[in-house]
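If you want the building blocks of each chain, they are given just below.
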Amino acid sequence: MAATVPSSAAPAGMPVEPSDAVVMAASRGDPERFSEIFDRYFAEIHRYVASRLGDAAADDVAAETFLTAFTLRHKYDTGRPQARAWLYGIATNLLRRHRRSETRAYRAVGRAADETDHADRVAEMVSAQGMRPRLAAALAGLGAGDRDVLLLVVYGDLAYEEVAQALGIRVGTVGSRLNRARRKLRKALEGDAE
């Protein structure tokens with residue numbers, strides 16, 4: 001099978017992969033075409049969700065993200081060539097339902113140094129998420145909007161414009177929330193050896 005690449009990066013003679021907008025539009029009449037969007041983005045969305053909630057919840061939330069996207073595909077703005085930010089927005093909205101679990105997990109990791117009865121479970125979470133207890137506690141202390149912006153940039157590797165699209169906010173708001181989150185994290189982590 002020949003490799004395909006997005007049309008914007010296709011060298012001469014290489015098969016061209018249709019844009020997400022083309023696939024989304026086609027999926028409205030041929031639902032099977034949506035599997036192309038799933039194949040392109042599922043692993044990336046799953047990694048993002050797992051980084052926020054852990055592997056146990058990631059399967060369900062990532063699957064729910066694509067079920068929601070499939071259901072809403074008729075509302076997709078085909079003027080946007082990539083569905084990436086749209087999918088991250090859906091995932092982030094679903095994560096809001098799990099926010100209490102996410103915040104509890106960050107707080108549990110943050111208390112890891114003080115709680116020996118849960119040490120094994122928390123140590124496993126810390127190593128799985130690669131997170132230090134003070135960082136987890138600092139993340140738990142961020143407001144929901146600031147945390148969403150920060151984690152979309154850090155875990156999702158989204159540009160400011162993509163974060164704005166994903167969350168339905170202005171690019172300037174993304175910048176101010178990210179700066180505020182970074183400032184709060186720096187302050188919370190001052191003196192941290194790592």
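Residues numbered from 1 in each chain as written. Predicted model: local features only at pLDDT ≥ 70, side-chain atom pairs only at ≥ 80, totals over all residues. Heavy atoms only, no water.

J.: For this particular structure, what's the right way to read the side chain of Thr 92?
T.: Looking at the element boundaries, Thr 92 is found in helix α4 (residues 84-97). With relative accessibility at 0%, the residue Thr 92 sits in the buried group. Separated by 2.8 Å, the side chain of Thr 92 and the backbone oxygen of Tyr 88 make a polar contact. If near-sequence neighbours (up to four positions away) are discounted, Thr 92 is found in contact with Tyr 48, Arg 52, Asp 148, Leu 152 and Leu 167. (Helix = DSSP H or I, 4+ residues; strand = E, 2+ residues; numbered from the N terminus. Buried < 20%, exposed > 50% of the residue type's maximum accessible area, 1.4 Å probe, protein only. Polar contact = N/O pair within 3.5 Å; in protein donor to acceptor, adjacent residues only side chain to side chain. Contact = heavy atoms within 4.5 Å.)

J.: Whenever I open this one, the packing of helix α9 (residues 160-167) against helix α10 (residues 171-189) confuses me. Can you help?
T.: Angle between the axes and distance between the axes: these two values describe a pair of packed helices. Here α9 crosses α10 at 105°, and the two axes come no closer than 8 Å. Relative to α10, α9 is oriented roughly perpendicular. Contacts from Tyr 160, Glu 161, Val 163 and Ala 164 of α9 reach α10 at Val 171, Val 174, Gly 175, Leu 178 and Arg 182. For the contact of α9 with α10, the per-class residue count stands at 6 nonpolar, 1 polar and 2 charged. (Axes fitted to C-alpha atoms, helices over the stretch in contact; angles between N-to-C directions. Parallel < 35°, antiparallel > 145°, perpendicular 65-115°, else oblique. Nonpolar A, V, L, I, M, F, W, Y, C, P; charged D, E, K, R; others polar.)

J.: It is not clear to me how the packing of α4 against α9 should be interpreted in this structure. Could you clarify?
T.: At a minimum axis distance of 7 Å, the contact between α4 and α9 shows a crossing angle of 55°. One way to sum up the angle between α4 and α9 is to call them oblique. Taken as a pair, α4 and α9 cross one another with a handedness that is right-handed. On α9, the residues touching Arg 84, Ala 85, Trp 86, Tyr 88, Gly 89, Thr 92 and Arg 96 of α4 are Glu 162, Gln 165, Ala 166 and Leu 167. Broken down by class, the residue content of the contact of α4 with α9 amounts to 5 nonpolar, 3 polar and 3 charged. (Left-handed = near helix turned anticlockwise from the far one by under 90°.)

J.: How do you make sense of the packing of aromatic side chains when you look at a structure like this?
T.: Aromatic ring pairs are reported here in terms of the distance separating the ring centres and the angle at which the planes meet. Scanning all chains against the criterion turns up 6 aromatic pairs. Seen from their ring centres, Phe 42 and Phe 66 are 5.7 Å apart, and the 50° between their planes marks the pair as tilted. One end of the pair, Phe 42, is in helix α2 (residues 34-53); the other, Phe 66, is in helix α3 (residues 55-71), and 24 residues separate them in sequence. Classification of Phe 66 by relative accessible area gives buried; the value is 3%. Ring pairing ties together the aromatic residues Phe 38, Phe 42 and Phe 66, which thus form one cluster. Across the ring face of Phe 70, the terminal group of Arg 73 is positioned such that the distance to the ring centre comes to 4.0 Å. (Phe/Tyr/Trp six-rings, centres within 6.5 Å; stacked < 30°, edge-to-face > 60°. Lys NZ or Arg CZ within 6 Å of the ring centre and 35° of its normal.)

J.: I tried to follow the nonpolar core on my own but got confused; where do I start?
T.: It is characteristic of soluble globular proteins that their nonpolar side chains tend to be buried jointly. Ile 37, Ile 45, Val 49, Trp 86, Leu 87, Leu 152 and Val 163 are the most contacted members of the largest nonpolar core, which has 42 residues in total. Mapped onto this core, the elements with two or more residues apiece are α1 (20-29), α2, α3, α4, α7 (133-141), α8 (144-154), α9 and α10. For this core, the leading source of residues is α2, giving 8 residues. Those residues in contact with Val 163 that lie beyond four places of it in its chain are Val 149, Leu 152, Val 153, Leu 158 and Val 174. (Core = buried A, V, L, I, M, F, W, Y, C linked by side-chain atoms within 4.5 Å.)

J.: What is the right way to look at unusual backbone geometry in this model?
T.: It is generally the case that most residues other than glycine have a negative phi and that most peptide bonds are trans. The phi torsion at Asp 157 lies on the positive side, around 55°, for a residue other than glycine. Within the element layout of this structure, Asp 157 appears in the loop between α8 and α9.

J.: What is the right way to look at a positive patch on the surface in this model?
T.: There is a patch of like positive charges on the surface, built from Arg 182, Arg 183, Lys 184 and Arg 186. The residue Lys 184 is located in helix α10 in this model. (Patch = residues over 30% accessible without salt bridge, like charges linked within 9 Å, V, L, I, M, F, W, Y side chains within 5 Å. Areas by Shrake-Rupley, 256 points an atom, 1.4 Å probe, with all protein chains shown as cover. Salt bridge = Lys/Arg side-chain N within 4 Å of Asp/Glu carboxyl O. Lys, Arg positive; Asp, Glu negative; His and termini not counted. Charge placed at Lys NZ, Arg CZ, Asp CG, Glu CD.)

J.: Whenever I open this one, the pattern of salt bridges confuses me. Can you help?
T.: Oppositely charged side chains are able to pair whenever their charged atoms sit close together. This model, assessed by the stated rule, comprises 10 salt bridges. The residue Arg 52 makes a salt bridge to Asp 148 at a minimum N-O spacing of 2.8 Å. Of the two residues, Arg 52 is situated in helix α2 and Asp 148 in helix α8; the sequence distance between them amounts to 96 residues. Residue Arg 52 is classed as buried on the basis of its relative accessible area of 1%. With a closest N to O distance of 3.8 Å, Asp 77 and Arg 80 form a salt bridge. Each of Glu 17, Asp 20, Arg 33, Glu 36 and Arg 40 takes part in a single network of salt bridges with overlapping partners.

So far we have only geometry, and geometry alone does not tell us how the molecule works.
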